[in-house]
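Each chain is listed here by its residues.
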Amino acid sequence: MTRALKLAALAVVLVAAPLGAQLSIPEIPYDAVDPIKLPDDIYLGEAVGVATNSKGNIFVYTRTGNPNSTLGTRRTFSRGGARLFEFDPSGKYIREIGQGLYGFLFAHTVRVDRQDNIWVVDEGANMVIKFDPEGRVVMTMGRKPEAISVPRAGGSGEEGGGGGRGRGAGAAPGAPAAPPAPVGTGVPGDNFNRPTDVAWDAQGNIYVADGYGNSRIAKFDRNGKYIKSWGSRGSAPGQFNVPHTMAIDAQGLVYVGDRQNNRVQVFDGEGTFKTQFVNVGAPSAICITPGPRQFLYASNSNPSTSMDNGEIYKMTLDGKIVGKFGTAGKLIKEFGSVHEMDCKSENEIYVGEITNWRVQKLTLKPR
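Each chain has its residues counted from 1, running along the sequence as written. Totals for whole chains, interfaces and linings use every residue, but because this is a predicted model, local features are given only for residues with pLDDT of at least 70 and side-chain atom pairs only at 80 or more, for both listing and counting. Only heavy atoms go into the side-chain values, all of them from the structure, while hydrogens and water stay out.

**Regarding the state of the cysteines**
Note on terminology: pairs of cysteine sulfur atoms within 2.5 Å are recorded as disulfides. Applying the stated criterion across every chain, the model contains one disulfide. The residue that forms a disulfide with Cys287 is Cys343, at a sulfur-sulfur distance of 1.8 Å. Negative torsions about the S-S bond denote left-handed disulfides, and the value of about 60° found for Cys287 with Cys343 makes this one right-handed. Placement of Cys287 in strand 21 (residues 283–288) and of Cys343 in strand 25 (residues 338–345) is noted, with a sequence separation of 56 residues between them. A relative accessible area of 9% places Cys343 in the buried class. Elements are defined by DSSP. Helices are runs of H or I of four residues or more, strands are runs of E of two residues or more, and each kind is numbered from the N terminus. For each residue, the accessible area found with a 1.4 Å probe, counting protein chains only, is set against the maximum for its type, and the residue is called buried under 20%, exposed over 50%, and partly exposed in between.

Here it is, written out as structure tokens:
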């Protein structure tokens, strides 16, 4: 074999092999503390959401409280089950925001925008809720279901007749049925089905990852007016299988943690597919650092049923891994199903954990 053929063969192997098999990824040393100090009568549950504002205050959206359901003849009415807390930079408790709010049902994420508005995504309520810095509700997107249908014993579990099946409602008699929309595209607008995350570009446009029931990214203007959406369920580029987490860089590129497809997909602001990173496991949480030189952090979070994986990767925005740190576990400096991350800076990160019911502040010490 000639030298040129050998080099070509080696290139094919390097492209095809997983990145972890191609090189040794440096371990980044770090310290960790649990900064949160709660009053004696308040407790965290699953710390699924964590974010910080420009002052360094910490916000935690947690699955806790007093969830309850009222059973009607055929419908179940649910409320409660999520709470939003604010702490100062040292972790001292400041206040609870939105106590008893109608849209707080099953917490998923919390984010803070450039104006220090606080946004929560509630998976159970199918809502994205915006609070101003004082804690007042100033925008709602989506709508909480009025009730959950409960099938009767021996019944089909469906309410109403079968009027929406077969030929489209407006189709002429004898006309062929319109082809069904791809699974996961959802309904245009803020008709969310278990949404997962929210982000903004430099113009203030709002992007919602939607999510578990749907498989799309929906884009709205700064006032909440629907612009477009993209995505459907699948594994091809531009498709999703649980778009679980999202971040936008300074250039307006949209990074989506496509968890069940084990990749991060990258799009422009109009939904055009750019590239994908398939070397960071199942990204349950991602964040992008501020500043002129940005980095992407992606958590290969362990599932709640095992202690596999758990490491967090540090990457350049072109997908090159520059280091990793952490593993699954119960102790400080170990991670129990990281669900959200906040990149305060390149070397200061907050993580919210599901199974350990806590927030950790990580201080990286790269060599």
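**Observations concerning the packing of aromatic side chains**
Each Phe, Tyr or Trp ring, with Trp reduced to its six-membered ring, pairs with another whose centre is within 6.5 Å; inter-plane angles below 30 degrees give stacked pairs, above 60 give edge-to-face pairs, and intermediate values give tilted ones. Counted by the stated rule, this structure contains 15 aromatic pairs. Each ring, one from Phe220 and one from Tyr226, has its centre 5.7 Å from the other, and the planes form 65°; the classification is edge-to-face. Put simply, the rings of Tyr207, Trp230, Phe240, Phe267 and Phe273 touch in pairs and so form one group of aromatic residues. One cation-aromatic arrangement involves Lys333 over Tyr30; the distance from NZ or CZ to the ring centre is 4.9 Å. A ring is considered to have a charge above it if a Lys NZ or an Arg CZ atom is located within 6 Å of its centre and within 35 degrees of its normal.

**Description of the sheet that holds strand 1 (residues 30–33)**
Only strands joined by at least two bridges in the DSSP assignment are considered to pair. The sheet built from four strands is open, its strands ordered 1-27-26-25 with antiparallel pairing. In this open sheet, the two strands that pair with only one neighbour each are strand 1 and strand 25. In this sheet, adjacent strand axes meet at a mean angle of 25° when their direction is disregarded. As paired elements, strand 1 and strand 27 (residues 358–364) share four bridges and run antiparallel to each other. Bridge pairing in strand 27 links Tyr30 to Leu364. Axes here mean lines fitted to C-alpha atoms, for a helix over just the part in contact, with angles spanning 0 to 180 degrees between N-to-C directions.

**Here we look at unusual backbone geometry**
Gly211 follows Asp210 through a cis peptide bond whose omega is -15°. Looking at the element boundaries, Gly211 is found in the loop between strand 14 (206–210) and strand 15 (216–220). A positive phi is found at Asn126, a non-glycine position, where the angle reads about 60°. Considering the arrangement of structural elements, one finds Asn126 in the loop between strand 9 (118–122) and strand 10 (127–131). By relative accessible area, Asn126 is classed as buried at 14%. Positive phi is not limited to glycine here, since Asn262 has a value of about 55°. For Asn262, the location among the structural elements is in the loop between strand 18 (254–258) and strand 19 (263–267).

**Here we look at the sheet that holds strand 19**
A sheet is described by the order of its strands in space; here four strands give the open sequence 17-18-19-20, paired in antiparallel fashion. Each of the sheet's edge strands pairs with one partner strand only, and the pair in question is strand 17 (243–248) and strand 20 (273–277). Strand-to-strand twist of the sheet, defined as the mean angle between neighbouring strand axes without regard to direction, takes the value 20°. Where strand 17 meets strand 18, five bridges bridge the pair, whose relative direction is antiparallel. Note that in strand 18 the partner of Pro243 across the bridge is Asp258.

**So, the pattern of salt bridges**
It is possible for side chains of opposite charge to pair when their charged atoms get near one another. Whenever Lys or Arg places a side-chain nitrogen within 4 Å of a carboxyl oxygen from Asp or Glu, that contact is recorded as a salt bridge. In the structure shown here, the tally under the stated rule is 18 salt bridges. Lys219 is the salt-bridge partner of Glu270, the closest N and O atoms lying 2.9 Å from each other. Placement of the pair is Glu270 in the loop between strand 19 and strand 20 and Lys219 in strand 15, with a sequence separation of 51 residues. Residue class for Glu270 comes out partly exposed when judged on its relative accessible area of 44%. Between Lys228 and Glu270 there is a salt bridge; the shortest N-O distance is 3.6 Å. Within this pair, whereas Lys228 is found in strand 16 (residues 226–230), its partner Glu270 is found in the loop between strand 19 and strand 20, the two being separated by 42 residues in sequence. On the basis of relative accessibility, which here comes to 26%, the residue Lys228 falls in the partly exposed class. Put simply, Glu46, Arg63, Glu123 and Arg194 are held in one network by salt bridges that share partners.

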